[in-house]
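Architecture at a glance
Spelled out, the chains give:
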Amino acid sequence: RLVPASMLAGLALAVAIVLLARRQVSLANSLRQGLRHHEFFLAYQPVVELTSGRWVGVEALLRWRRPTGELIGPDVFIAVAEQTGTINRLTERVLELLQHDLGDFLVHHPEFHIALNLSAHDLTCDNIVRMLERLLMETGAKPANLIVEVTERALLDLASAGPVLAALRARGIEVAIDDFGTGYSSLSYLESLELDFLKIDRCFIETIGTRAPTSQVVQHIIAIARTMGLRMVAEGVETEAQARYLAEHGVQYAQGWLFAKAMSFKELVSALNEHGSTVNVTATNDR
Ligand code: C2E
Ligand code: MG
Ligand code: MG
Ligand code: MG
């Protein structure tokens, strides 16, 4: 007898949902195990000043290497960690890794910036303020060396991120709104927050030089950042044409494979030693 197609489709959907849920649970378990077994590390992507080509800082990006050798990206595991309550411990690990990697680097590079990513949940308790203060103390860094990145989406998830962001800024730590333009937050809400940097999402940078209507959006985002008095960082810059456009339109900083991919801290330090911060090391690394 024939089973109606709609019933089959429903069954397939149910199976898919169960499989996905099981994958989430098993990923969540592996995450906790990964934390115990120190499977996480940080990769650092240089942030470049567009007018000079100087490396003015880095963004710390979390990586997870499974014992099988498999490398899992934050796009996969951060969401799982957020849904399963592991995100606090993951953020704690990020700070431990930073402390370990940085050592007294910032004492010798007082102008260098380290940007790190926080999740919405990190902004609900001021424990994060204490953790960052400890990082500063242990590394001898100044608050001005640190930039905290929060996605526009994370800000939308919260009733109010204001108090923690204000506490960070009161201590001299700067705040960047990440993936700007992808979260539909109202401009009046953004204006009520204390921010220093606006990071233009890669999806808008991709359209520069194309005829797609979104390419117009970049100009509007730049105008918004100017109006709000924010410095700008363009994400995912891959071509000379994009870099030129951004510089011509007053965007101060950029990250992207045109300049450098994320690298280990050791690789970062040797690149800085070898070339100084003034040389564009274009596409010399392979990650
Ligand atoms: P994000 O903060 O917007 O980071 C930029 C992402 O774009 C990174 O991916 C980076 O590797 C990638 N990227 C940089 N330049 C280029 C380019 O020229 N072309 C292309 N195609 N991609 C480029 P990644 O490392 O996979 O990180 C994804 C997201 O995961 C991050 O987006 C951030 O939101 C989140 N994330 C990363 N590390 C952490 C962390 O420690 N904590 C939290 N809460 N989130 C993190
Ligand atoms: Mg970021
Ligand atoms: Mg970003
Ligand atoms: Mg992004």
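Whatever comes next refers back to the structure up there.
Keep in mind the model is a prediction, meaning the values are calculated, not measured. (Residues numbered from 1 in each chain as written. Chains lettered and ligands numbered in written order. Predicted model: local features only at pLDDT ≥ 70, side-chain atom pairs only at ≥ 80, totals over all residues. Heavy atoms only, no water.)

This brings us to the pairing of strand β4 (residues 113-118). Inspection of the sheet shows strand β2 (residues 55-65) paired to β4 by four bridges, in the parallel sense. Each residue of the ladder has a partner; that of alanine 60, found in β4, is leucine 116. Relative to strand β5 (residues 146-151), β4 is paired through five bridges, and the arrangement is parallel. Residue pairing for β5: leucine 116 is matched across the bridge by valine 148. In this region the chain leaves β4, passes through helix α5 (residues 127-139) and returns to the parallel neighbour β5; the handedness of that crossover is right-handed. (Pairing = 2+ DSSP bridges. Helix = DSSP H or I, 4+ residues; strand = E, 2+ residues; numbered from the N terminus. Right-handed = clockwise from strand over helix to strand, strands pointing away.)

As a further point, take the pairing of strand β7 (residues 197-200). Neither face of β7 is open: one carries Phe197 and Lys199, the other Leu198 and Ile200, and all of them are buried. In this fold, strand β6 (residues 174-180) hands off to helix α8 (residues 187-192), which returns the chain to β7; that crossover is right-handed. (Buried < 20%, exposed > 50% of the residue type's maximum accessible area, 1.4 Å probe, protein only.)

The subject of this paragraph is the side chain of aspartate 196. Mapping aspartate 196 onto the fold places it in the loop between α8 and β7. Polar side-chain contacts of aspartate 196 include one of 2.9 Å to the side chain of arginine 169. Ignoring sequence-local partners within four residues, the contact set of aspartate 196 consists of Arg169, Ile173, Glu174, Val175, Leu230 and Arg231. (Polar contact = N/O pair within 3.5 Å; in protein donor to acceptor, adjacent residues only side chain to side chain. Contact = heavy atoms within 4.5 Å.)

On to the packing of α5 against helix α7 (residues 162-170). Between α5 and α7, the least distance of the axes is 9 Å, while the angle of their chain directions is 25 degrees. Here α5 is positioned roughly parallel relative to α7, judged by the angle of their axes. Pair α5 / α7 crosses with right-handed handedness. Judged by residue contacts, Ile128, Val129 and Leu132 of α5 engage Val164, Ala167 and Leu168 from α7. (Axes fitted to C-alpha atoms, helices over the stretch in contact; angles between N-to-C directions. Parallel < 35°, antiparallel > 145°, perpendicular 65-115°, else oblique. Left-handed = near helix turned anticlockwise from the far one by under 90°.)

This paragraph deals with the pattern of salt bridges. Taken as a whole and assessed by the stated rule, the structure comprises eleven salt bridges. In this structure, arginine 169 and aspartate 196 form a salt bridge, with 2.9 Å as the shortest nitrogen-oxygen distance. Remark: aspartate 196 occurs in the loop between α8 and β7 and arginine 169 occurs in helix α7; sequence separation between them is 27 residues. What makes arginine 169 partly exposed here is its relative accessible area of 28%. (Salt bridge = Lys/Arg side-chain N within 4 Å of Asp/Glu carboxyl O.)

What follows is about the coordination of the magnesium ion (ligand 2). Coordination of the magnesium ion (ligand 2) by the protein is provided by Glu59 (OE), Asn117 (OD1), Glu149 (OE) and Asp178 (OD), with metal-donor distances spanning 2.0 to 2.2 Å. Donor residues for the magnesium ion (ligand 2) sit on one chain with the sequence pattern E-x57-N-x31-E-x28-D. The distance between the magnesium ion (ligand 2) and the magnesium ion (ligand 3) comes to 3.6 Å, with aspartate 178 serving as a donor to both metals. Here aspartate 178 lies in strand β6 and asparagine 117 lies in strand β4, a separation of 61 residues in the sequence. The exposure class assigned to aspartate 178 is buried, which follows from its relative accessible area of 4%. (Donors = N, O, S within 2.8 Å, 3.2 Å for Na, K, Ca; no water.)

Let's shift gears to the site of ligand 1. Surrounding ligand 1, one finds 22 residues, the nearest of these being Glu59, Arg63, Asp178, Glu238 and Trp257. Note that a nitrogen atom of ligand 1 is positioned 3.0 Å from one of the side-chain N or O atoms of glutamine 45. Burial of ligand 1 by the surrounding chains reaches 85%, relative to a free accessible area of 800 Å². Taken together, the elements giving at least two residues each to the shell around ligand 1 come down to β2, α2 (74-84), β4 and β6. (Near = heavy atom within 4 Å. Areas by Shrake-Rupley, 256 points an atom, 1.4 Å probe, with all protein chains shown as cover.)

A separate point is the packing of aromatic side chains. Under the defined criterion, the tally for this structure stands at seven aromatic pairs. Between tyrosine 44 and phenylalanine 265, the ring centres sit 5.2 Å apart and the planes meet at 70 degrees, which makes this aromatic pair edge-to-face. Of the two residues, tyrosine 44 sits in strand β1 (residues 40-49) while phenylalanine 265 sits in helix α12 (residues 265-275), which places them 221 residues apart along the sequence. On the basis of an interplanar angle of 80 degrees and a centroid distance of 5.5 Å, the ring pair of phenylalanine 105 and phenylalanine 112 is categorised as edge-to-face. A network of ring pairs unites the aromatic residues Tyr44, Phe105, Phe112 and Phe265 as a single cluster. In this structure, lysine 261 packs its charged tip against the face of tryptophan 257, placed 4.3 Å from the ring centre. (Phe/Tyr/Trp six-rings, centres within 6.5 Å; stacked < 30°, edge-to-face > 60°. Lys NZ or Arg CZ within 6 Å of the ring centre and 35° of its normal.)

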